[in-house]
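Below, each chain spelled out in residue letters.
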Amino acid sequence: RFSNIPGVVGPRPQVSLSCALSMPELCGRMSRQRSRTWGEMDVFRWSLRFKDPEVEAGFVQTASTRLVRNSFIVGCASCSVYIAGTVLLALLSRYDPKCSSKWRWCVGVDVSLAMFFFCMTVGIGAQWRWRWLSPMAVEIYCVVCVCIVLIFTIFTERWYFFTVFGGGHPDSTLEPDNGWVMMMINLSVVVSHMSVPIRCCMLLPIQVLSVVVFPLLAGVYDNFPVATVLSVWLFVGLSMDGRRTWELRERELHMRLVQEKTLRAQSEFELSQRQGSGPAASVTD
């Protein structure tokens, strides 16, 4: 028992000072811990949804407030960044007499993204103020916005845009900038998986677009950039695993909270029943 901690009763934990665990043993322990957690929470293994619809609805409702708040913050930050980029590029092009078409293209991209994020933030702000959408509808709204940003940013690369829609860029020396595309895909994946608490089962469209659209374009219209595509796939896979682990812990905490509230309600009900039957029992005696 914990002799040095007052009020705590339980077996003394066995603390081992040896850290010589091999990697297979560590992975085996993590796998057994996940299996035990899945069995205790009664969730579907792939979607991580609770099998009880009422518990799942309560979890979505609990995460809805954080989803709206974080989405509003991300929208405001993104809009501010693209507005600042537009102003900076406009000032540089004003004082540079040899302003290239690439700069004008970047100004148009920044203005378009700033307007999009402004409209998205207005919608999220209306949801924060008036609650005009259900929690699941807010998730769908955020997923659709991220998918639009993904597709738009892929085609903001000039080489892909003119090759797909314009039959080729007038400048024959122009080459595709895969680094820009990879950066925007990774940024969208990080924001949707880590910054905004969207459930894993709702992130599937973002994951499919991230691993399919860019490799498809690169394979059809360009020499397949193996290193870039593998980097994107690896990044998306690691983000998926991290999001699943994080959500599994959130669901475990939510389930414990539900169980504690249930036990408390049962205890209060039994106590009220005993207090109500107390005078009658004394009269009978």
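For the structure itself, consult the block above.
Residues numbered from 1 in each chain as written. Predicted model: local features only at pLDDT ≥ 70, side-chain atom pairs only at ≥ 80, totals over all residues. Heavy atoms only, no water.

**Quick look at the overall build of the protein**
The following threshold applies: Under the scheme used here, helices are H or I runs from DSSP no shorter than 4 residues and strands are E runs no shorter than 2 residues, and both carry numbers assigned from the N terminus. Burial classification: accessible surface area is computed with a 1.4 Å probe over protein chains only, and a residue below 20% of its type maximum counts as buried, one above 50% as exposed, and the rest as partly exposed. The contact definition used throughout considers only heavy atoms, calling two residues in contact when any of these lie within 4.5 Å. Shrake-Rupley sampling with a 1.4 Å probe provides the accessible areas, and residues are treated as covered by the protein chains on show and by no other component.
Looking only at helices and strands, the protein features 8 helices and 0 strands. Sequence-ordered secondary structure for the protein, helices as α and strands as β, is α-α-α-α-α-α-α-α. The buried share among the 285 residues of the protein stands at 34%. In the protein, once contacts between residues fewer than 6 apart in sequence are set aside, the share between residues at least 24 apart is 71%. A total accessible area of about 17,900 Å² is found for the protein, and carbon and sulfur atoms account for 66% of it.

**Let's talk about the packing of aromatic side chains**
Given two aromatic rings, their pairing is described by the distance between the two centres and the angle made by the two planes. For the record, the criterion: Pairing of aromatic side chains here covers Phe, Tyr and the six-membered ring of Trp, requires ring centres within 6.5 Å, and sorts the geometry by plane angle: under 30 degrees stacked, over 60 edge-to-face, intermediate tilted.
Scanning all chains against the criterion turns up 6 aromatic pairs. Centroid distance F50 to F59: 6.1 Å. Interplanar angle 75°. Geometry classified as edge-to-face. With relative accessibility at 6%, the residue F59 sits in the buried group. Seen from their ring centres, Y160 and F214 are 6.3 Å apart, and the 80° between their planes marks the pair as edge-to-face. Here Y160 is found in helix α5 (residues 158–165), whereas its partner F214 is found in helix α7 (residues 204–221), with 54 residues between them in sequence. Using a relative accessible area of 1% as the deciding quantity, one classes Y160 as buried.

**Remarks on a nonpolar patch on the surface**
Filter applied, for reference: Residues forming no salt bridge and having over 30% relative accessible area are the ones grouped into patches, like charges within 9 Å of each other and nonpolar side chains (Val, Leu, Ile, Met, Phe, Trp, Tyr) within 5 Å. A pair is scored as a salt bridge if a Lys or Arg side-chain nitrogen falls within 4 Å of a carboxyl oxygen belonging to Asp or Glu.
A cluster of nonpolar residues, L204, V208, V212, L216, V220 and Y221, forms a patch on the protein surface that exposes about 540 Å² of accessible area. Among the structural elements, L204 can be located in helix α7.

**Remarks on the packing of helix α4 (residues 135–155) against α7**
Applicable threshold: Here, axes are lines fitted to C-alpha atoms. For helices the fit covers the stretch in contact, and angles between N-to-C directions go from 0 to 180 degrees. Any angle from 65 to 115 degrees is called roughly perpendicular, while one under 35 is roughly parallel, one over 145 is roughly antiparallel, and all others are oblique. Each crossing gets its hand from how the near helix is turned against the far one by less than a right angle, where anticlockwise is left-handed and clockwise is right-handed. Charged residues are taken to be Asp, Glu, Lys and Arg, nonpolar residues to be Ala, Val, Leu, Ile, Met, Phe, Trp, Tyr, Cys and Pro, and polar residues to be all remaining types, Gly included.
Running from N to C, α4 and α7 point in directions that differ by 15°, and their axes come no closer than 10 Å. With respect to each other, α4 and α7 are oriented roughly parallel. Classified by chirality, the crossing of α7 by α4 is right-handed. Contact residues: α4 offers V143, V146, C147, L150, I151, I154 and F155, while α7 offers P205, I206, L209, S210, V213, F214 and L217. Looking at the contact of α4 with α7 residue by residue, the class counts come to 13 nonpolar, 1 polar and no charged.

**What about the packing of α5 against α7?**
It is the contact of α5 with α7, at a shortest axis distance of 11 Å, that shows an interaxial angle of 65°. When the axes of α5 and α7 are compared, the pair comes out roughly perpendicular. Crossing of α5 over α7 shows left-handed handedness. Facing W159, Y160, T163 and V164 of α5, the residues of α7 in contact are F214, L217, A218 and Y221.

**What to know about the environment of Q127**
In plain terms, the rule: Two N or O atoms form a polar contact when they lie within 3.5 Å of each other; inside protein one atom must be a possible hydrogen donor and the other a possible acceptor, and for residues adjacent in sequence the pair counts only when both atoms belong to side chains.
Summarising the element assignment, Q127 is placed in helix α3 (residues 101–130). Separated by 59 residues in sequence, Q127 and V68 have C-alpha atoms that sit 7.4 Å apart. If we ignore the near neighbours within four places in the chain, the residues touching Q127 are V68, W132, L133 and V138. For Q127, the side chain forms a polar contact with the main-chain nitrogen of L133, separated by 2.8 Å.

**Structural notes on the nonpolar core**
Quick note on the threshold: Definition used in this section: a nonpolar core is a set of buried Ala, Val, Leu, Ile, Met, Phe, Trp, Tyr and Cys residues joined via side-chain atoms within 4.5 Å.
Grouped together as the largest cluster of nonpolar side chains are 29 residues, with contacts concentrated most on I154, Y160, I185, I198, I206 and F214. At the level of elements, α2 (53–95), α4, α5, α6 (178–195), α7 and α8 (226–284) are the ones that each hand at least two residues to this core. Core analysis: the next-biggest nonpolar cluster, separate from the first, contains 10 residues, Y82, C145, V149 and M184 among them.

**Topic: the state of the cysteines**
Note the cut-off: Criterion for a disulfide: a pair of cysteine sulfur atoms at a distance within 2.5 Å.
In total, this model carries 0 disulfides according to the counting rule given. Take C79: it sits in no disulfide, and the sulfur closest to it among the cysteines is that of C76, at 7.5 Å. As a non-bridged cysteine, C119 has C79 as the owner of its nearest cysteine sulfur, 8.9 Å distant. What makes C119 exposed here is its relative accessible area of 52%.

**Some remarks on unusual backbone geometry**
Phi at L48 takes a positive value of approximately 65°, unusual for a residue other than glycine. Along the polypeptide, L48 turns up in the loop between α1 (23–41) and α2. Taking relative accessible area as the criterion, L48 reaches 1% and is therefore assigned buried. For R131, which is not glycine, the phi dihedral falls at a positive 55°. We classify R131 as partly exposed; its relative accessible area is 44%.

These figures come from the coordinates and say nothing about function on their own.
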